[in-house]
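What the coordinates show
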Amino acid sequence: MDGLDRFLATFFNARIFARYLPDMLAGVWTTIWLAGAVIALGLSLGLALACLRAYGWRIASFFIICFADMGRALPPLVLILIMYFGLPGLGLRMPGPLVLILVLGTVLAAFAEEIFWAGLTSVPKGQWEAGRATGLGFTQTLVQIALPQAARLALPPLVNRVLAISKMTALGSVIGVSEILSVASTAQSFTGSAAPLTMGAIAYVIVFLPLVVLTRLLERRFAWKV
Amino acid sequence: MSRPMLEIVALEKTFGELKVLRDINLRVATGEMVFVIGPSGSGKSTMLRCCNRLEEPTSGAILIDGKDIVGCSSSALNRMRLEVGMVFQGFHLYPHMTVVANVMLAQIKALKRSKDEARERALAMLDRVGLRHRAETMPTQLSGGQQQRVAIARALALDPKVMLFDEPTSALDPELVGSVLAVMKDLKDSGMTMLVVSHEMGFAREAADRVVFMDGGLVVEEGPPEEIFANPKAERTQAFLSRVRA
Amino acid sequence: MQDFIRLFFNLEVMAQTLPLLMQGLWMTVKLCAAVIALGLVGGLFLALGALSHRRWLRWPAFAVIDFLRALPPLVLLIFIYSGLPFAGLAISPFAAVAVAFFLNNSAYYAEIYRAGIQSVPAGQTEAARACGLTTGQTLAHVVLPQAVRNVLPDLLSNTVEVVKLTSLASVVSLAELLYSANMARSLTYNASPLVLAALVYLLLLWPLVRLVSRYQRRLAA
């Protein structure tokens, strides 16, 4: 067996691919629904916080800014370990997927809040004044006039951040959530072959490449519009 | 006519299907100032940009002091470009450097002058365009006319044999145009060879040695300014001049 | 409440494990230095490839960038750390982490550089080339200084991400800050070392995060 054959047998072993395909598909499904939950939680919480901040209540704004800063400054894995290994000491034992969704969702919310807020602040003051002058209330102006414009600006950086944080569902492998990387690692130690890792990497690229392509499309569309 | 400093021979330029320049032939003698006029889209700027290969000619030759710059290697091109100064409509000063650093950069990097030498030369050139006292300011703090004069100094500092001007006053407020034209006049009087694309008809009449009228990628007519402006022969020239005068 | 303080903010445990964590912090710092330096250089080359007029350079550069953006850094790390030995390449945890995150971050830095270079008007390049500067000189003295300034907040924010990313090195048992903290947690049966690690990250990165926000607001204004 020469070098290339051995390389292929180690990294691209069809027999191992076939054997672990069902497990891998289950892992892919787990990754997808985890990512979906993280995105839903992160975006809705982030949007809500940005809107709340728009009302300009000092104390609320202060806590939102602290939240956003901490969410952006803390490594998610630290939070995951604290919640997963620390909280049970208080009698609060949460399943791995829940910990993952809560931590990543909150971290995404921190970033999303900042991105939405940046979008809101870049809406020209005249737009707010026009809304108020035509008899809309603050909330109506926010929802009907400011948010749609802010969302357009926020879209490209938001998709980038959603991509980056969805990928972090791979951290679930550290706390026993059987997503793609867990399946791959387990299979690797069972088979003593690197093929499951290759398979996992391919699975990730298949799952997340559409999001990468979406960032490219948005980039082009916005490049044309400007 | 003595040996031309700049000679354009059978220059053609196509963008895809579009023929922008067709068989342009033009000679600019040493110390001569030639004005190129014509409607927008006539190919004047493209022709000018071919003269230092910012635009790659499709075919033809561009001779600077007898040496062809079309088809020379990229290192030779960089050397040739030192002999051709260019001034742009949009100035294009480097916003992250002081005025004097703008004028020094290419002297140091391309001409390999020492820092002191480059600085001395830069200050002399800034003095020539009347801006020595602004040497240490940032370009964005200057008016448009001042920026354009710095851009001229930047080109002059490299001791070019020819200067190309691509609509040097089009981006300026009317009251700032005069200062730039004065510098150009001074440059001509000192014997610089200049090829100018511009809409400043008054200045052309007063200072140019020759005027070239271009339209549709062709040189339609050329001659001394008094002749072109007073009794143009070609119909297209007449039409253009009556339009800009109106 | 007392349980909470005893388990999460136990000063005694924190003081006891602080030296271990400081050792870990030193490893984190070394790791960051390596990954940031490598990533900044690798990213520049990828960006230049992606901006090239030559198709055979541009397409592979984009393919590499997008592949790396689709792949979670932890997967890349595990692949390099546990996969490469199968190909007969034994690699130290530090090298594995440095290589994996260098690759990952090159892609991110590349995207930032690319945006920055594209934000510099074409006239700047033309003016420099017309003055006889070479492509390299134009890039180094005219385009890059302006490009970097235009995307400074993004470069800074990605650098924050690098520091956070190095915490993943704990997964392959590299004794950086988080690994040390988690080790201390399992030794003391107390989560306070993890909280202490979180505080150290916060202390390190909060100023940078503030700076990024400040910068972005100034650019928007």
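Keep in mind that this is a model prediction, so the values were computed, not measured. (Residues numbered from 1 in each chain as written. Chains lettered and ligands numbered in written order. Predicted model: local features only at pLDDT ≥ 70, side-chain atom pairs only at ≥ 80, totals over all residues. Heavy atoms only, no water.)

Turning our attention to the pairing of strand β10 (residues 218–223) of chain B. Residues and elements named next belong to chain B. Note: strand β9 (residues 210–215) against β10, 5 bridges, orientation antiparallel. Looking at β10, one finds that Phe213 is bridged to Glu221. The hairpin turn running from β9 into β10, its antiparallel successor, is 2 residues long, and Gly216 in that turn takes a positive phi close to 60°. (Pairing = 2+ DSSP bridges. Helix = DSSP H or I, 4+ residues; strand = E, 2+ residues; numbered from the N terminus.)

What follows is about the sheet that holds strand β7 (residues 162–166) of chain B. All names here are of chain B. Ordered in space as β6-β7-β8-β3-β9-β10, the 6 strands form an open sheet in which the pairing is mixed. Since the sheet does not close on itself, it has two edges, and those belong to β6 (84–87) and β10, each with one partner. Across this sheet, the average inter-strand angle for adjacent strands is 20°, counted without regard to direction. Inspection of the sheet shows strand β3 (residues 33–37) paired to strand β8 (residues 193–197) by 4 bridges, in the parallel sense. In the strand pairing of β8, Val34 is matched with Leu195. (Axes fitted to C-alpha atoms, helices over the stretch in contact; angles between N-to-C directions.)

The next subject is the UniProt feature "domain: ABC transmembrane type-1" (unreviewed entry) in chain A. Feature annotation in UniProt places "domain: ABC transmembrane type-1" (unreviewed entry) on residues 28–218 of chain A, given in this structure's numbering. In residues 28–218 of chain A, the share of helix is 81% and the share of strand is 0%. The end C-alpha atoms are 26 Å apart. (UniProt positions renumbered as here; feature names shortened; annotations may be inferred.)

On the surface, Leu90(A), Leu92(A), Met1(C), Phe4(C), Ile5(C), Phe9(C) and Leu199(C) cluster together into a nonpolar patch covering about 660 Å² of accessible area. Inspection of the secondary structure puts Leu92(A) in the loop between α4 (76–86) and α5 (96–121). (Patch = residues over 30% accessible without salt bridge, like charges linked within 9 Å, V, L, I, M, F, W, Y side chains within 5 Å. Areas by Shrake-Rupley, 256 points an atom, 1.4 Å probe, with all protein chains shown as cover. Salt bridge = Lys/Arg side-chain N within 4 Å of Asp/Glu carboxyl O.)

Turning our eyes to something else, we now look at the pattern of salt bridges. Close approach of charged atoms allows side chains of opposite charge to pair. Applying the stated criterion across every chain yields a total of 32 salt bridges over all chains. Between Glu126(C) and Arg49(B) there is a salt bridge; the shortest N-O distance is 2.5 Å. Pair noted here: Glu126(C) is in helix α6 (residues 122–130) and Arg49(B) is in helix α1 (residues 44–50), and the two residues belong to different chains. Just as Glu126(C) is buried, Arg49(B) falls in that class too. Of the charged contacts, one joins Lys164(C) and Glu161(C) as a salt bridge, the two residues approaching to 3.1 Å between their closest N and O atoms. (Buried < 20%, exposed > 50% of the residue type's maximum accessible area, 1.4 Å probe, protein only.)

Attention now goes to the environment of Tyr94(B). One can find Tyr94(B) in the loop between β6 and α3 (99–109). Separated by 126 residues in sequence, Tyr94(B) and Val220(B) have C-alpha atoms that sit 37 Å apart. Excluding residues within four positions of it along the chain, Tyr94(B) makes contact with Asn102(B), Leu105(B), Pro139(B), Arg154(B), Gln124(C), Ala127(C), Ala128(C), Cys131(C) and Val142(C). (Contact = heavy atoms within 4.5 Å.)

The interface of chain C with chain B comprises 17 residues on the first partner and 22 residues on the second. Between chain C and chain B lies a buried interface of about 1,700 Å² when both sides are counted; carbon and sulfur atoms form 59% of it. The tally of links from chain C across to chain B stands at 1 salt bridge. Across the chain C-chain B interface, the total number found is 5 residue pairs in polar contact (both at pLDDT 80 or more). Among the secondary structure elements, those contributing two or more residues to the side of chain C that touches chain B are α6 and α7 (135–150) of chain C. Sort the elements by how many residues they give to the side of chain C that touches chain B and α6(C) lands first, with 7 residues. For the side of chain C that touches chain B, the per-class residue count stands at 7 nonpolar, 7 polar and 3 charged. (Buried area = accessible area lost by both parts, 1.4 Å probe. Polar contact = N/O pair within 3.5 Å; in protein donor to acceptor, adjacent residues only side chain to side chain. Nonpolar A, V, L, I, M, F, W, Y, C, P; charged D, E, K, R; others polar.)

For the rest of this paragraph, the subject is the UniProt feature "transmembrane region" (unreviewed entry) in chain A. All names here are of chain A. Annotation from UniProt places "transmembrane region" (unreviewed entry) at residues 32–52, 59–86, 98–120, 170–191 and 197–218. Taken end to end, residues 32–52 has its terminal C-alpha atoms 30 Å apart, with 100% of it in helix and 0% in strand. With 100% helix and 0% strand, the stretch residues 197–218 has end C-alpha atoms that lie 31 Å from each other.

Cross-referencing UniProt, the feature "coiled-coil region" (unreviewed entry) maps to residues 101–128 of chain B in the present numbering. With 82% helix and 0% strand, residues 101–128 of chain B has end C-alpha atoms that lie 16 Å from one another.

Attention shifts here to the packing of helix α8 (residues 180–191) of chain A against helix α4 (residues 73–83) of chain C. For any two helices packed against each other, the geometry comes down to the angle between their axes and how far apart the axes lie. At their nearest, the axes of α8(A) and α4(C) sit 11 Å apart, and the two run at 10° to each other. One finds that α8(A) runs roughly parallel with respect to α4(C). Where α8(A) abuts α4(C), its residues Leu181(A), Ser185(A) and Gln188(A) lie against Leu74(C), Val75(C), Ile78(C) and Ser82(C). Residue classes in the contact of α8(A) with α4(C) are distributed as 4 nonpolar, 3 polar and no charged. (Parallel < 35°, antiparallel > 145°, perpendicular 65-115°, else oblique.)

Residue and element names in this part refer to chain B. The strand order β2-β1-β4-β5 describes an open sheet built from 4 strands, whose pairing is antiparallel. Every interior strand has two partners, whereas the edge strands, β2 (18–29) and β5 (67–68), have only one. In the sheet, strand β4 (residues 59–64) pairs with β5 via 2 bridges, with the strands oriented antiparallel. Bridging across to β5, Ile64 finds its partner in Lys67.

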